Amino acid sequence: MSAPILNQTTAHTSPGVSSQSLAEDSAGLVLLSIEHAMTGAATWDQARAGLRALATTPVDAAQHTGLFYGAPALTFILHTAQADGRPRGQATLSRLDDLVSRIVRARLDAAAHRSASDAAPEFAEYDLFHGLTGLGALLLLRRPSSDVLADVLHYVVDLAQPRIRDDIMLPGWWVDHDPDPSAPTPGGHANLGMAHGAAALLALLGTAARRGIIVDGQLDAIAALLNWFDQWRQNGPRGTWWPQWLTRDELRTGRPTDSHPPRVSWCYGAPGIARAIQIGAIATGDHTRRATAEAAIASALTSEQIERLTDPGLCHGIAGLHQTAYRAALDAIDTTIADRLTAVAPYLARSATIDGADSPGEGGGDRSFLTGRSGVDLAASTLHHHRPPTSGWDACLLIS
């Protein structure tokens with residue numbers, strides 16, 4: 001696959017190019033085909049066909065794109081196809097890199113304009129799925145020495161600083177909108193999760209620091225975010241946990257109103273948050289916080305906790321719990337997390353098709369990356385091969 005697999009890398013603004021979204025079936029199945037090809041579980045034929053199929057429409061490089069959609073998503077997928085050192089689609093990938101840099105520059109300019117007006121950001125500006133944190137994670141893979149990555153890190157450092165609004169100290173990533181239409185938070189909220197909140201900020205800054213990429217204020221910002229999670233850490237009979245988000249009233253009282261821990265998911269639960277804390281603690285040599293984070297992940301790996309998960313997917317299900325804990329286990333001080341991962345394995349194996357009973361493209365239902373079958377099978381490949389993903393597909397979750 002030495003020739004470019006995309007015929008064009010033009011800006012396209014239609015939001016209907018679903019094949020360029022990691023939330024849809026096509027992209028997730030291509031990631032799975034790439035991982036299978038790299039592990040020797042399949043030939044490259046299906047992966048090549050999938051990559052070409054993703055190129056049947058012009059690339060969306062408008063400002064609504066992000067790590068999980070459009071030019072950045074295609075860049076990430078092609079990046080995974082080069083993880084074995086083979087320059088597959090290199091000419092196309094170079095053009096996509098340039099598109100991504102232009103997208104990021106425009107997004108940083110928009111964020112600076114918003115900040116100058118003293119308005120609060122939105123998820124779409126900063127989060128992992130849509131915003132600059134996700135774009136920063138991509139640049140960390142593609143252009144780690146670039147000025148544009150440094151500028152994204154400066155942006156995240158600034159976002160970690162508190163702001164006084166309406167006579168109350170709010171974190172810089174405070175948003176004025178609800179976390180979800182079904183979960184109203186009048187007056188806004190501060191999100192703690194990996195998908196849309198402070199955990200992703202910490203994971204990006206910590207991962208960059210671990211790779212020797214540090215800008216002014218970055219280590220202080222990591223310390224501030226670690227302090228934030230210290231403040232809101234809860235301990236109960238099921239182990240350590242954190243609220244999914246906080247309202248103004250909760251910030252004023254210093255106590256979360258919900259006394260029950262959320263499910264042990266990657267997106268909002270203790271595993272994703274604790275993995276971010278572990279990354280930040282390792283980056284700063286903080287052995288106490290590292291141990292706390294690893295104990296929190298271990299406490300999520302019990303049958304009681306696992307059975308609270310009602311779906312198998314990466315975002316808020318079994319696959320995400322396993323992949324997050326697996327990555328944490330590789331960095332852990334001791335083997336507790338690795339030993340307890342055996343409790344998750346049967347649940348993941350029952351949800352997967354990694355045994356070859358059918359191919360990833362067969363069958364109905366949700367076959368997408370985040371919530372569906374391709375993501376489950378990717379996590380099951382990690383379980384099956386007992387080693388980190390060869391393609392590095394889980395870098396888009398900011399856990400590696």
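The structure we're discussing is the one just above.
Residues numbered from 1 in each chain as written. Predicted model: local features only at pLDDT ≥ 70, side-chain atom pairs only at ≥ 80, totals over all residues. Heavy atoms only, no water.

Asker: Teacher, can you tell me more about the packing of helix H11 (residues 270-284) against helix H12 (residues 287-299) here?
Answerer: In a packed pair of helices, the relevant descriptors are the angle between the two axes and the axis-to-axis distance. At a minimum axis distance of 8 Å, the contact between H11 and H12 shows a crossing angle of 155°. Viewed along their axes, H11 and H12 adopt a mutual orientation that is roughly antiparallel. Pair H11 / H12 crosses with left-handed handedness. Two secondary-structure elements touch here, H11 through Pro 271, Ala 274, Arg 275, Ile 277, Gln 278, Ala 281 and Ile 282 and H12 through Arg 289, Arg 290, Ala 293, Glu 294, Ala 296 and Ile 297. (Axes fitted to C-alpha atoms, helices over the stretch in contact; angles between N-to-C directions. Helix = DSSP H or I, 4+ residues; strand = E, 2+ residues; numbered from the N terminus. Parallel < 35°, antiparallel > 145°, perpendicular 65-115°, else oblique. Left-handed = near helix turned anticlockwise from the far one by under 90°. Contact = heavy atoms within 4.5 Å.)

Asker: Can you walk me through the side chain of Arg 248 in this structure?
Answerer: Its place among the elements puts Arg 248 in helix H10 (residues 248-253). Its relative accessible area of 13% is what places Arg 248 among the buried residues. In this structure the side chain of Arg 248 is engaged in a polar contact, spanning 3.1 Å, whose partner is the backbone oxygen of Gly 187. (Buried < 20%, exposed > 50% of the residue type's maximum accessible area, 1.4 Å probe, protein only. Polar contact = N/O pair within 3.5 Å; in protein donor to acceptor, adjacent residues only side chain to side chain.)

Asker: Got a minute to help me understand the nonpolar core in this structure?
Answerer: A general tendency of soluble globular proteins is for nonpolar side chains to be buried together. In this structure, Met 194, Phe 229, Trp 266 and Phe 369 are the most contacted members of the largest nonpolar core, which totals 128 residues. The element contributing the most residues to this core is helix H8 (residues 198-210), with ten residues. Once residues within four sequence positions are removed from consideration, Phe 369 is found in contact with Leu 22, Glu 24, Gly 28, Leu 31, Phe 68, Leu 314, Ser 374, Gly 375, Leu 378, Trp 393, Cys 396 and Leu 397. (Core = buried A, V, L, I, M, F, W, Y, C linked by side-chain atoms within 4.5 Å.)

Asker: Whenever I open this one, the pattern of salt bridges confuses me. Can you help?
Answerer: A side chain of one charge can pair with a side chain of the opposite charge if their charged atoms are brought near each other. Counted according to the given criterion, the structure contains 18 salt bridges. The shortest N-O distance in the salt bridge between Arg 143 and Asp 98 comes to 2.8 Å. Pair noted here: Arg 143 is in the loop between helix H6 (132-142) and helix H7 (147-159) and Asp 98 is in helix H4 (residues 90-116), with a separation of 45 residues, a long-range link. The partner of Arg 163 in a salt bridge is Asp 158, with the nearest N and O atoms 2.9 Å apart. By sharing partners, the salt bridges in this structure join Asp 230, Arg 233, Asp 286 and Arg 289 into a single network. (Salt bridge = Lys/Arg side-chain N within 4 Å of Asp/Glu carboxyl O.)

Asker: I would appreciate a short explanation of the packing of aromatic side chains in the present structure.
Answerer: Ring pairs (aromatic) are described by centroid distance and by the angle formed between their planes. Evaluation of the coordinates by the stated rule reveals eight aromatic pairs. With centroids separated by 6.4 Å and ring planes inclined at 45°, the aromatic side chains of Phe 68 and Phe 369 adopt a geometry described as tilted. Residue Phe 68 is located in the loop between helix H2 (45-54) and helix H3 (71-80), and its partner Phe 369 is located in the loop between helix H16 (345-351) and helix H17 (373-385); the two are separated by 301 residues in the primary sequence. Here Phe 68 and Phe 369 have matching classes, each one buried. Joined through ring pairs, the aromatic side chains of Phe 68, Phe 129, Trp 266, Phe 369 and Trp 393 make up one cluster. Stacked on the ring of Trp 44, the Lys or Arg Arg 88 has its end atom at 3.7 Å from the ring centre. (Phe/Tyr/Trp six-rings, centres within 6.5 Å; stacked < 30°, edge-to-face > 60°. Lys NZ or Arg CZ within 6 Å of the ring centre and 35° of its normal.)

Function cannot be read off these values alone, since they describe shape.
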